[in-house]
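# Observations on the three-dimensional arrangement
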Amino acid sequence: MRESALYETFARQPLAFEKGEGCWLETIDGERYLDFAAGIAVNSLGHAHPHLVAALTEQAGKLWHVSNLYDIPNQRTLGERLVAHTFADKVFFTNSGAEALECAIKTARRYHYVNGQPERYHVITFEGAFHGRTLATIAAGGQAKYLEGFGPKVEGFDQVPFDDIEALQKAIGPQTAAILVEPLQGEGGVRRLPNASLRRLREICDKNGLLLMFDEVQTGVGRTGKLFAHEWAEVTPDIMAVAKGIGGGFPLGACLATDEAAKGMKPGSHGTTFGGNPLAMAVGNAVLDVVLEEGFLDAVVQKGLLLKQSLAAIADEFPDVIETVRGEGLLIGIKCKVPNALLQQAMADQKLLVVPAGDNVLRLLPALTITDEEIREGVRRMHDAAAAVHAAQKANA
Ligand SMILES: *Cc1c(COP(=O)(O)O)cnc(C)c1O
């Protein structure tokens, strides 16, 4: 790629897309790619979904932005709809996942502050976590590669090994405010916390007066076949961060909380210029129109099963390339035997887009609207990619 005026922060592939439709993307040279990346779980309803395009263009002709100094009716509506379908009583809208997490962390700290325990501001997280790239969220994520060179790590984040409940209990002290986990780690390598562990976390929080916070930025809004992934475990958090899929491609995030957890957040204690603006709210409401349609989430479960079963067959055929297949709904991880970049490149050669993750995993997170035929087409391409990698391995051996 030619030199560019942009920060060098992304290792970009030499691909530029001009338009998209559903699960398909077309480059400026007219080449078609099957998109199993979906903007990393952002394009939840695919590209150019007619209902979303209509909602955005209609709003664009009326009003783009007003400040949160005024009542924003479609913000009120989206907030009420999220409350009606979740554990939450209150919602704060943001533009991104990291901002939703910032709001969640601030909400938890303020809760203890107004309870007269300002010393309780520590948050416990699990290794492999990813919560965003702001100064607080890199501290929460605790990954050395994201913290390096950015000055002192923001104080108040303690990390324990993934799903190590005993270590977590030992880490709880008089300063602990909350536990923050992803029910299923996305960036960390599609690693699911067992339902029993999620339930244990709820008990531990209740026993110790801690708030339970879920990061559902990647897993939320239907991705796992439930509206939110924690519903599989039948536990509810006190606070939850949402983003990615809820905007269907429009920048939108939200922090949800119970009345009790949000009781410290008063006029002036938090704010945002763009969060909850009319354009984002029009799209967020349109996304919910579709995801909440009867049968939509059941279809996600069925499609996820089809994808996972087909992949398991490929893994059986090429055990030297694929170790296992894991995940939930349409958030699937292929744990690779070969370096994941190798298999990703072989898939790109088949014009199939996927996303790498930690633990040598490739992530598949196609639009929730993907058809069975498109899944089968993707599986054919994955099969051919795995076969090509297998052949290359044999030739090298
Ligand atoms: C993507 C992601 C974030 C950060 O979201 P941004 O919109 O990039 O700030 C936080 N948590 C999880 C689980 C994510 O997948």
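None of these values were measured; they are calculated from a predicted model. (Residues numbered from 1 in each chain as written. Predicted model: local features only at pLDDT ≥ 70, side-chain atom pairs only at ≥ 80, totals over all residues. Heavy atoms only, no water.)

### Quick notes on the UniProt feature "binding site: pyridoxal 5'-phosphate" (unreviewed entry) in the protein
UniProt records the feature "binding site: pyridoxal 5'-phosphate" (unreviewed entry) for Gly-97, Ala-98, Phe-130, Asp-215, Glu-216, Val-217, Gln-218 and Thr-273 in the present numbering. A maximum C-alpha distance of 25.1 Å is found for the annotated residues, which run over 177 residues; spatially they are spread out rather than grouped. If you trace the backbone, Phe-130 turns up in the loop between strand E5 (122-126) and helix H5 (135-141). With relative accessibility at 17%, the residue Phe-130 sits in the buried group. If we ignore the near neighbours within four places in the chain, the residues touching Phe-130 are Tyr-146, Glu-182, Glu-187 and Asp-215. The exposed category is assigned to Thr-273, whose relative accessible area is 55%. Apart from the residues within four sequence positions on either side, Thr-273 is in contact with His-65 and Asn-68. (UniProt positions renumbered as here; feature names shortened; annotations may be inferred. Helix = DSSP H or I, 4+ residues; strand = E, 2+ residues; numbered from the N terminus. Buried < 20%, exposed > 50% of the residue type's maximum accessible area, 1.4 Å probe, protein only. Contact = heavy atoms within 4.5 Å.)

### Examining the pattern of salt bridges
Per the stated rule, a full pass over the model turns up 16 salt bridges. In this structure, the salt-bridge partner of Glu-260 is Lys-263, at a minimum N-O distance of 3.2 Å. With relative accessibility at 43%, the residue Glu-260 sits in the partly exposed group. Salt bridges linked by common partners bring Glu-373, Arg-376, Glu-377, Arg-380 and Arg-381 together as one network. (Salt bridge = Lys/Arg side-chain N within 4 Å of Asp/Glu carboxyl O.)

### Focus: the layout of surface pockets
Counted as a void, the second largest pocket has a volume near 900 Å³. Lining the second largest pocket are 31 residues; nearest its centre among them are Gln-75, Lys-90, Val-91, Phe-92 and Phe-93. Taken together, the elements giving at least two residues each to the lining of the second largest pocket come down to helix H3 (73-84), strand E4 (90-94), helix H4 (97-114) and strand E12 (253-257). The biggest single contributor to the lining of the second largest pocket is H3, with five residues. Across the lining of the second largest pocket, the residue classes break down as 13 nonpolar, 10 polar and eight charged. (1 Å grid on protein atoms, 1.4 Å probe; cavity = no way out; pocket = protein on both sides within 12 Å on 5 of 7 lines; lining within 4 Å. Points joined across faces, edges and corners; volume = space filled by probe spheres on them. Nonpolar A, V, L, I, M, F, W, Y, C, P; charged D, E, K, R; others polar.)

### A word on the packing of helix H11 (residues 340-349) against helix H12 (residues 372-396)
Where H11 meets H12, the axes come as close as 8 Å, and the angle between the chain directions of the two elements is 125°. When the axes of H11 and H12 are compared, the pair comes out oblique. Seen along the crossing, H11 lies across H12 with a hand that is right-handed. Contact residues: H11 offers Leu-342, Leu-343, Ala-346 and Met-347, while H12 offers Met-382, Ala-385, Ala-386, Val-389 and Gln-393. When grouped by side-chain class, the residues that make up the contact of H11 with H12 number eight nonpolar, one polar and no charged. (Axes fitted to C-alpha atoms, helices over the stretch in contact; angles between N-to-C directions. Parallel < 35°, antiparallel > 145°, perpendicular 65-115°, else oblique. Left-handed = near helix turned anticlockwise from the far one by under 90°.)

### Comments concerning the sheet that holds E4
The strand order across the open sheet built from seven strands is E4-E12-E11-E10-E7-E5-E6, with neighbouring strands paired in mixed fashion. Of all strands in the sheet, those with a lone pairing partner are E4 and strand E6 (157-160), marking the two edges. Averaged over all adjacent pairs, the angle separating strand axes in this sheet is 20°, with direction ignored. Here strand E7 (residues 176-181) pairs with strand E10 (residues 211-215) via four bridges, running parallel. Counted as the bridge partner of Ala-178 is Leu-211 from E10. Contacting E4 and E12, H3 runs over the sheet at an angle of about 125° to E4. Relative to the sheet, H4 contacts E4, E6, E7, E10, strand E11 (239-242) and E12, its axis offset from that of E10 by approximately 180°. (Pairing = 2+ DSSP bridges.)

### Notes on the domain arrangement of the protein
Size of an interface: often given as the accessible area lost when the parts come together. Looking at the protein, the domain boundaries give domain 1 (17-49 + 295-396) and domain 2 (63-291). Counting residues at the interface gives 28 residues for domain 1, matched by 25 residues for domain 2. When domain 1 packs against domain 2, the two sides together hide about 2,100 Å² of surface, and 62% of this comes from carbon and sulfur. Among the residues domain 1 hides against domain 2, the three largest losses belong to Leu-297, Glu-328 and Leu-331. Together they make up 28% of the total. (Domains from an automatic or database assignment. Buried area = accessible area lost by both parts, 1.4 Å probe.)

### Points about H4
For H4, with 18 residues, the first-to-last C-alpha span of 26 Å sits near the 26 Å given by 1.5 Å per residue. All of the buried residues along H4 are Gly-97, Ala-98, Ala-100, Leu-101, Cys-103, Ala-104, Ile-105, Thr-107, Ala-108, Tyr-111 and His-112. Gly-116 lies just past H4 and shows a positive phi near 80°. (Expected span 1.5 Å × (residues − 1).)

### Some words on the UniProt feature "modified residue: N6-(pyridoxal phosphate)lysine" (unreviewed entry) in the protein
Per the UniProt record, "modified residue: N6-(pyridoxal phosphate)lysine" (unreviewed entry) is annotated on Lys-244. Filtering out sequence-adjacent residues up to four positions away, Lys-244 remains in contact with Ile-40, Ala-41, Val-42, Glu-187, Val-217, Gln-218 and Leu-252.

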